[in-house]
Amino acid sequence: MSCEEPTTSPTPENNITVVSSDGKEFLLDLKLTEQSETLARLISNFEYDRTDVKKDPVPLGNITSAQMQKIIEWLQHHRYYPKWEQNDIHYSTSFTFETWVEEYLNIPNNEMFELLNAANYLNIPRLFSTICRIMASRITGKSAEQIRTVLNIKTDVKNDVYTGIPIQEDSSSSEDGMSEISLSPSPPPI
Amino acid sequence: MSDGDPPLRLLSLPNTPLQRIVLCMQHIDQFALSLVSQRCKDLVKSIDLTCLAVYVEVESKINIRIRITDCSWIKCLLNDDRATAVKSEVKTLPDREGFAYSKPEYRVEDWLRHILEMYHQSEIDRIHLLEPLRDVQSFRDTFTSCSTIVFNARSESEAVELSRMFCPLKKLEFYVYQKDPKTLVAFRTAGIANAQFHGGYNIRKKDGTVATLSFPRYCHFEMLVW
């Protein structure tokens, strides 16, 4: 399915404001939020789809403005796709991507990881699945030794000879820098 | 992704995306990933992969075939060179794409255990033991049961020993290299000049009559009543 239909400008009646972790506000058309389970549920719970309800800005404390911009780009492109589905098992396993997706995800690995975490947090199944497939495709056709190099794993787990407890870990897992996204946003006051 | 791109810090990801990425991988890539480190192996195990069957053929090389789906296999060919570590050649079938890998600490039974753990199997569907293994007891300890075993034995006592070792079994086929001269004489006395004795089971009736069940071909058996 493609998104050939014209986009409509958000109006105060059909949009919400989300606030990124660095304090930047984004005006988001309610139609776009249908791709995100987290946002769609939040809007439903607070009845933000009603015109007579006051809509407070939604803080997204785990998503930076750069990530939010990237996500909005995805949501705009998939505006007229079916909305998110719970337990969507019909995800593709193909490593072939449309040109737009290839261009969209032609970003450094660390940005892709952050975007994956953001897609996971906002629960945008199509974006989440696409990034996972892109990541998997970067491993495909490689030997164990090559994967070790790609993933930058230098050591294996070694157990302490006395306790049997692992004393070394894969180097890549000990690296810092990955933001932890685990908590849902605090709901805005009504 | 450019050349100067930082490495994929896959293992830094939370569990949900990490497991989903592994689920998206090809079977052979999942297998390769499981060999990288203990954590990678645990990760692959955590996505609950299964397979339809595991077959082992022990000849000059050891061939472990994993039937993932009706039309997708992984073949792990092990070269148990006694001077060096077991060298493995892993391929998918029918594509025949794959990689070679040597894990110094892995013996044949470790490779088998790795595969069984990865696919959450405890049973082997068929073993062809046509050449002796370096450590048959360790090999046996890697799985709980085997549906069918076919083996060559140098003597009847070895055949009995192997049969006991691999029990419980649903089906047993074996061939004994050294034919018992007394048995052959008995065959010839009975008028069977060209007897080829493949070993088998003895059945004894209450009246003392003994019959030997033999399996000279895959498709039929012989019962010789003495």
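Residues numbered from 1 in each chain as written. Chains lettered and ligands numbered in written order. Predicted model: local features only at pLDDT ≥ 70, side-chain atom pairs only at ≥ 80, totals over all residues.

Draft legend 1. Looking closely at the overall build of chain A. Scanning chain A for helices and strands turns up 7 helices and 3 strands. Evaluated residue by residue, chain A yields a buried proportion of 29% over its 190 residues. Long-range contacts, defined as pairs at least 24 residues apart, comprise 65% of the intrachain contacts of chain A with a sequence gap of at least 6. (Helix = DSSP H or I, 4+ residues; strand = E, 2+ residues; numbered from the N terminus. Buried ≥ 20, exposed ≤ 12 C-beta atoms within 10 Å, placed from the backbone. Contact = placed C-beta atoms within 7 Å.)

Draft legend 2. Representation of the overall build of chain B in the model. Assigned secondary structure in chain B consists of 7 helices and 11 strands. When the 226 residues of chain B are sorted by exposure, 29% land in the buried category. Looking at chain B alone, contacts between residues at least 24 apart form 36% of all its contacts between residues at least 6 apart.

Draft legend 3. Fine view of the interface of chain A and chain B. Between chain A and chain B, the contact holds 32 residues from the first and 27 residues from the second. Elements supplying a minimum of two residues to the side of chain A that touches chain B: helix H4 (109-122), helix H5 (125-137), helix H6 (144-150) and helix H7 (171-174) of chain A.

Draft legend 4. Looking closely at the UniProt feature "domain: F-box" (unreviewed entry) in chain B. Under the feature "domain: F-box" (unreviewed entry), the UniProt entry names residues 7-58 of chain B. Each end of residues 7-58 of chain B is marked by a C-alpha atom, and these two atoms are 40 Å apart; helix forms 52% of the span and strand 12%. (UniProt positions renumbered as here; feature names shortened; annotations may be inferred.)

Draft legend 5. Fine view of the pairing of strand E3 (residues 72-79) of chain B. Residues and elements named next belong to chain B. Here 7 bridges tie strand E2 (residues 62-69) to E3, and the two strands are oriented antiparallel to one another. Following the sheet pairing, Ile62 is matched in E3 by Leu78. Counting the residues that bridge the hairpin from E2 to E3 gives 2 residues. Across 7 bridges, E3 lies against strand E4 (residues 87-93) in antiparallel orientation. Within the sheet, the bridge partner assigned to Cys76 lies in E4 and is Val90. (Pairing = 2+ DSSP bridges.)

Draft legend 6. Quick look at the domain arrangement of chain B. Residue and element names in this part refer to chain B. Each domain of chain B was delimited in the assignment, giving domain 1 (8-47), domain 2 (50-177) and domain 3 (179-226). Listed by partner, the interface residues are 8 residues for domain 1 and 12 residues for domain 2. Secondary-structure elements contributing two or more residues to the side of domain 1 that touches domain 2 are helix H2 (27-34) and helix H3 (38-46). Here the element with the most residues in the side of domain 1 that touches domain 2 is H2; it accounts for 5 residues. In terms of residue class, the side of domain 1 that touches domain 2 is built from 5 nonpolar, 2 polar and 1 charged. (Domains from an automatic or database assignment. Nonpolar A, V, L, I, M, F, W, Y, C, P; charged D, E, K, R; others polar.)

Draft legend 7. Representation of helix H2 (residues 65-77) of chain A within the structure. Residues and elements named next belong to chain A. Here H2 is 13 residues long and its end C-alpha atoms lie 18 Å apart, about the 18 Å a rise of 1.5 Å per residue gives. When H2 is considered as a whole, its buried residues turn out to be Gln67, Met68, Lys70, Ile71, Trp74 and Leu75. The arc that holds every buried residue of H2, seen down its axis, measures 160 degrees, which confines them to one face. Residues of H2 that are exposed and point over 90 degrees away from its buried face: Gln69 and Glu73. Summarising the contacts, the buried residues of H2 are in contact with strand E1 (15-19), strand E2 (25-29), helix H3 (99-104), H4 and H5. (Expected span 1.5 Å × (residues − 1). Arc of directions from axis to C-beta.)

Draft legend 8. Layout of the sheet that holds E1 of chain A. Residue and element names in this part refer to chain A. Spatially, E2-E1-E3 is the arrangement adopted by the 3 strands of the open sheet, whose pairing is mixed. The outermost strands of the open sheet, each flanked by one partner alone, are E2 and strand E3 (58-59). Pairing of E1 with E3 involves 2 bridges; the strand directions are parallel. Considered in E3, the bridge of Val18 is made with Val58.

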